[in-house]
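# Structural characterization, general
Residues per chain are reported as follows:
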Amino acid sequence: MTAARAQANLLSLAVALTALVSATALGLVVVDGALASADREPGERRAAGAAAERLVSAEATAVRQNVLDQSAVTGLSAADLDSLAPPVANRSVRVRLGGETLLRRGDPTGGATVERVVLVAERTTRSRSEAVGDGDQLTLPRRTDRVKLTFGSESGIETVRANDRVVLHDPGGLTGQFVVEPSRYETTTLSFAGGTARVVVESTPLRTEKATLRVTVDG
């Protein structure tokens, strides 16, 4: 009985040791995987954050901070993004604006995603030809931050003001093309002084709408 009991105890000990070793190995694998994921995700999140920050602040893609230029980001390429935010280079990446995917490289099915609420600005060009004289005024569309004025060769207009601020002046008469950059934060009225002229006014008002920018980086 003593020998049989001893053998049974040895068998139980062997089974217990085997189970412990297996559980320990599994635990190591799980922990190792979790650590690898933890090590990887901060890098992905930093890369996604860097890309989002550069997109909403870089002169190449933003009209001003947090206001994206619609035409610029619509044509965004992977090389453009790598140049703006080097941390995303050689990584799978996806950039979405609202419900549209602007850029996708690789297969970013996991990884880290950074979101930013932004305004998306779209420029439109409006052109009109007007006969103006001394004391005449023209009000530009709201949020116009750039206007081109073209005066004919027979122009007698000497001075142009934008909301009472002199922006163009020539005692001999303004002729040719001039670019004026009024404040985008207030509606601008142009007033003319001098003789008469035919002027072509090309204004580029900025229309904005709110959207969510999502940058996902994986790998």
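Look above for the structure.
Below is a summary of the structure that appears in this document. Fair warning: this is a prediction, and the values are worked out from it, not measured in the lab.

## Brief notes about the side chain of D145
Among the structural elements, D145 can be located in strand β8 (residues 144–151). Among the polar contacts listed, one links the side chain of D145 to the side chain of R123, at a separation of 2.8 Å. Ignoring any residue separated from it by four or fewer positions in sequence, one finds D145 in contact with R123, V180, E181, P182, R184, T204 and L206.

## Here's the deal with the pairing of strand β10 (residues 165–169)
As defined by bridge partners, strand β9 (residues 157–162) adjoins β10 across 4 bridges and the pair is classed as antiparallel. Residue pairing in the sheet places T159 in a bridge with H169 of β10. Counting the residues in the hairpin turn of β9 and β10 gives 2 residues, including N163, whose phi is positive at 50°.

## Side note on the environment of S155
By secondary structure assignment, the location of S155 is in the loop between β8 and β9. According to the relative accessible area criterion, S155 is buried, its value standing at 10%. Along the sequence, S155 and G195 sit 40 residues apart, while their C-alpha atoms lie 7.4 Å from each other. With sequence-adjacent residues up to four places away left out, S155 is seen in contact with G173, L174, T175, T196 and A197. At 3.2 Å, the side chain of S155 and the backbone nitrogen of I157 are in polar contact.

## Quick notes on the nonpolar core
L55, L81, V95, L97, L213 and V215 are the most contacted members of the largest nonpolar core, which totals 26 residues. It is helix α1 (residues 2–55) that provides the largest number of residues to this core, a total of 5 residues. Among residues more than four places away in sequence, those in contact with L55 are T61, A62, L68, L76, L81, L84, V95, L213 and V215. Within the second largest apolar cluster, 17 residues are counted, among which are L138, L149, F151 and L174.

## Quick word on the side chain of T61
By the element assignment, T61 lies in the loop between α1 and β1 (62–64). According to the relative accessible area criterion, T61 is buried, its value standing at 2%. Engagement of the side chain of T61 in a polar contact is seen with the backbone oxygen of L55, the distance being 2.7 Å. When residues no more than four places from it in sequence are discounted, the contact partners of T61 are R54, L55, L68, D69, A72, V73, L76 and L84.

Reading the values: the criteria
- Residues numbered from 1 in each chain as written.
- Predicted model: local features only at pLDDT ≥ 70, side-chain atom pairs only at ≥ 80, totals over all residues.
- Heavy atoms only, no water.
- Helix = DSSP H or I, 4+ residues; strand = E, 2+ residues; numbered from the N terminus.
- Polar contact = N/O pair within 3.5 Å; in protein donor to acceptor, adjacent residues only side chain to side chain.
- Contact = heavy atoms within 4.5 Å.
- Pairing = 2+ DSSP bridges.
- Buried < 20%, exposed > 50% of the residue type's maximum accessible area, 1.4 Å probe, protein only.
- Core = buried A, V, L, I, M, F, W, Y, C linked by side-chain atoms within 4.5 Å.

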